[in-house]
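Fold and contact review
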Amino acid sequence: MSAAQFSWSPGKIPAELIEALSACKNPLILSHVYPDGDALGSAVSMHRLLQGLGKAPRTVMTHPVPEKLNFIDHDGVAEFLTENPHLNPEDLVAEADLIVVVDTSAPDRLGLMEPAVSAASIPKVCIDHHLEGAFSFFSSIWCEPDSPATGNLILEVFNEMGVEPDTNTAESLFVALATDTGWFRHSNAGYMAYQCAARLVKLGVEPDPVYNRIFQSFSHERTMALGDLLNRSTLCLEGKVLYSVFTEEIRSKRGVSMEDLDGFVDSLGQVKGTEIVFLVVEVGPMRFKVSLRSRGDVSVHAIASRFGGGGHAKAAGCRIEGAEEEVISKLLEACTDLLGDPAKGRA
Ligand code: 5GP
Ligand code: MN
């Protein structure tokens, strides 16, 4: 754990951001494509905060979250573009007087919402913890790349606005933090993460059932698919890099969905001596989604950003098109470059 991560304490929330949240009447809350626990947990908590302050928020996600995470939207406030053809990005933006983006600061990560948001002349605020972002896109942004999650930043916004989260909100924020830190095991889980978790538990969260729901409720098919993936793993570059490829063929043979693959890359990262672990998932013909994890000093963000992706130093992702062998060789080349000259990207 680096000193920077351990000593991190939240920077100052921009006063204009709090003012914008206080002044709005019809905020539209958005997050990144393929939302995860942090995206949904942060968004629904922001929704409840603003609703409690008498506003009429709408929370719109581009895609659904993995089924097992749905419980953190206790009142079902989130709406999903891909599931509801009546939702129109332009109309949603036209009805809003403020756009609140959580857990991403990269406009292209807004997916189908991006053109309407870019064209909007209303204020846009952002709360995030990723490394890449277009700061000038927002009228006010609070981005803390050393923060373990966005959820704990939302908790700070509750504090700043003098609102105590209820137990459901504490649970949503706990899941945001717990999923982004791999249940407090990744190197981004330092003092702040544990302190925030303690506060949320004090507010009524019961960690054990939450853990069971998220990490011990997999199907047998998913377990078998994980076996296939582990069997096909390849160790290379003097044992410093481990990767595996999850093809459409294995996915259909095992009958698992894309969302079942959540966490697979972490199961790969258990081999001693590895510095970079990556998982390549076939998402279409000649199209691959790549998840990268650093177990050492190099920043996998440097690899992901080389292919137009992003994320964090220790966990990043990107999409690459091409034949499988070509994609792997491009990734291994990027790993070789980085391991040969870590100055190119240090975690
Ligand atoms: P995962 O591998 O779990 O999908 O993602 C790890 C981290 O990388 C997350 O913070 C996620 O937001 C980011 N990430 C994953 N894929 C992409 C991508 O295609 N573009 C960008 N900018 N970030 C990504
Ligand atoms: Mn996050």
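Everything discussed here concerns the structure shown above.
Okay, so let's go over this structure. Predicted, not measured: the structure shown is a model, and the values here were computed from it.

On to the site of ligand 1. Close to ligand 1 lie 14 residues, the nearest being Arg109, His130, Lys289, Ser291 and Arg293. Within the complex, the protein chains bury 81% of what would otherwise be the 490 Å² of accessible surface of ligand 1. Elements represented by at least two residues in the shell around ligand 1 include exactly strand S10 (287–294), strand S11 (310–311) and strand S12 (315–321). Among the elements that line the shell around ligand 1, the one with the most residues is S12, at four residues. Classifying every residue of the shell around ligand 1 by side-chain character gives three nonpolar, seven polar and four charged. Each of domain 1 (3–214) and domain 2 (220–344) contributes no fewer than three residues to the shell around ligand 1.

Bringing the nonpolar core into the picture now. By size, the foremost hydrophobic cluster in this structure holds 51 residues, and its most contacted members are Leu21, Met46, Val157, Phe174, Phe184 and Leu200. Excluding residues that lie within four positions of it along the chain, Met46 makes contacts with Leu21, Ile29, Val100, Ile127, Ile154 and Val157. Grouped together as the second largest cluster of nonpolar side chains are 25 residues, Cys236, Val290, Leu331 and Leu332 included.

Looking now at the pairing of strand S4 (residues 98–102). Across the five residues of S4, five count as buried, placing the element largely inside the fold. By the alternation rule, side chains of S4 split into Leu98, Val100 and Val102 and Ile99 and Val101, which are all buried. With four bridges joining them, strand S1 (residues 27–30) and S4 adopt parallel strand pairing. Bridge pairing in S4 places Pro27 opposite Leu98. Here S4 runs beside strand S5 (residues 124–128); their pairing, made up of four bridges, is parallel. By the bridge assignment, Ile99 is partnered in S5 with Lys124. Read as a crossover between parallel neighbours, the route from S4 over helix H5 (residues 114–119) to S5 is right-handed.

Closest axis-to-axis distance for the helix H6 (residues 151–160)/helix H8 (residues 191–202) pair is 11 Å, and the angle between their directions is 60 degrees. It follows that H6 is oblique to H8 by the angle criterion. Taken as a pair, H6 and H8 cross one another with a handedness that is left-handed. Residues Asn152, Leu155, Glu156 and Asn159 of H6 form the contact with H8, whose participating residues are Met192, Cys196, Arg199 and Leu200. Of the residues that constitute the contact of H6 with H8, the class distribution is four nonpolar, two polar and two charged.

With that out of the way, let us pick up the packing of aromatic side chains. All chains considered together, the criterion is met by ten aromatic pairs. Here Phe184 and Tyr194 contribute two aromatic rings whose centre-to-centre distance is 5.8 Å and whose plane-to-plane angle is 35 degrees, an arrangement assigned as tilted. Taken together, the residues span a long stretch of sequence, with Phe184 in the loop between helix H7 (167–180) and H8 and Tyr194 in helix H8 at a distance of ten residues. With centroids separated by 5.7 Å and ring planes inclined at 80 degrees, the aromatic side chains of Phe246 and Phe264 adopt a geometry described as edge-to-face.

Glancing now at the environment of Arg213. Structurally, Arg213 is set in helix H9 (residues 207–215). Relative accessible area serves as the criterion here: at 45%, Arg213 is assigned to the partly exposed category. Considered as a pair, Arg213 and Val241 are 28 residues apart in the sequence and their alpha carbons are 31 Å apart. If we ignore the near neighbours within four places in the chain, the residues touching Arg213 are Lys68 and Phe71.

The end-to-end C-alpha distance of helix H3 (residues 37–52), which contains 16 residues, comes to 22 Å, matching closely the 22 Å that a straight helix rising 1.5 Å per residue would cover. Of all 16 residues in H3, 14 are buried; the element is thus mostly enclosed. The positive-phi residue at the C-terminal boundary of H3 is Gly54, with phi of around 90 degrees.

In spatial order, the strands read S3-S2-S1-S4-S5-S6; together these six strands make up an open sheet with parallel pairing. The sheet is open, and its two borders are formed by strand S3 (78–80) and strand S6 (140–143), each paired with just one other strand. The average undirected angle you get between the axes of adjacent strands in this sheet is 20 degrees. Pairing geometry for S5 and S6, over four bridges, is parallel. Pairing of Cys126 across the sheet is with Ile141, part of S6. Sitting on the sheet, helix H2 (residues 15–23) is in contact with S4, S5 and S6, with an inclination near 120 degrees to S5. Where H6 meets the sheet, its contacts fall on S4, S5 and S6, and the angle it forms with S5 comes to roughly 120 degrees.

Calculation notes
Residues numbered from 1 in each chain as written. Chains lettered and ligands numbered in written order. Predicted model: local features only at pLDDT ≥ 70, side-chain atom pairs only at ≥ 80, totals over all residues. Heavy atoms only, no water. Near = heavy atom within 4 Å. Areas by Shrake-Rupley, 256 points an atom, 1.4 Å probe, with all protein chains shown as cover. Helix = DSSP H or I, 4+ residues; strand = E, 2+ residues; numbered from the N terminus. Nonpolar A, V, L, I, M, F, W, Y, C, P; charged D, E, K, R; others polar. Domains from an automatic or database assignment. Core = buried A, V, L, I, M, F, W, Y, C linked by side-chain atoms within 4.5 Å. Buried < 20%, exposed > 50% of the residue type's maximum accessible area, 1.4 Å probe, protein only. Contact = heavy atoms within 4.5 Å. Pairing = 2+ DSSP bridges. Right-handed = clockwise from strand over helix to strand, strands pointing away. Axes fitted to C-alpha atoms, helices over the stretch in contact; angles between N-to-C directions. Parallel < 35°, antiparallel > 145°, perpendicular 65-115°, else oblique. Left-handed = near helix turned anticlockwise from the far one by under 90°. Phe/Tyr/Trp six-rings, centres within 6.5 Å; stacked < 30°, edge-to-face > 60°. Expected span 1.5 Å × (residues − 1).

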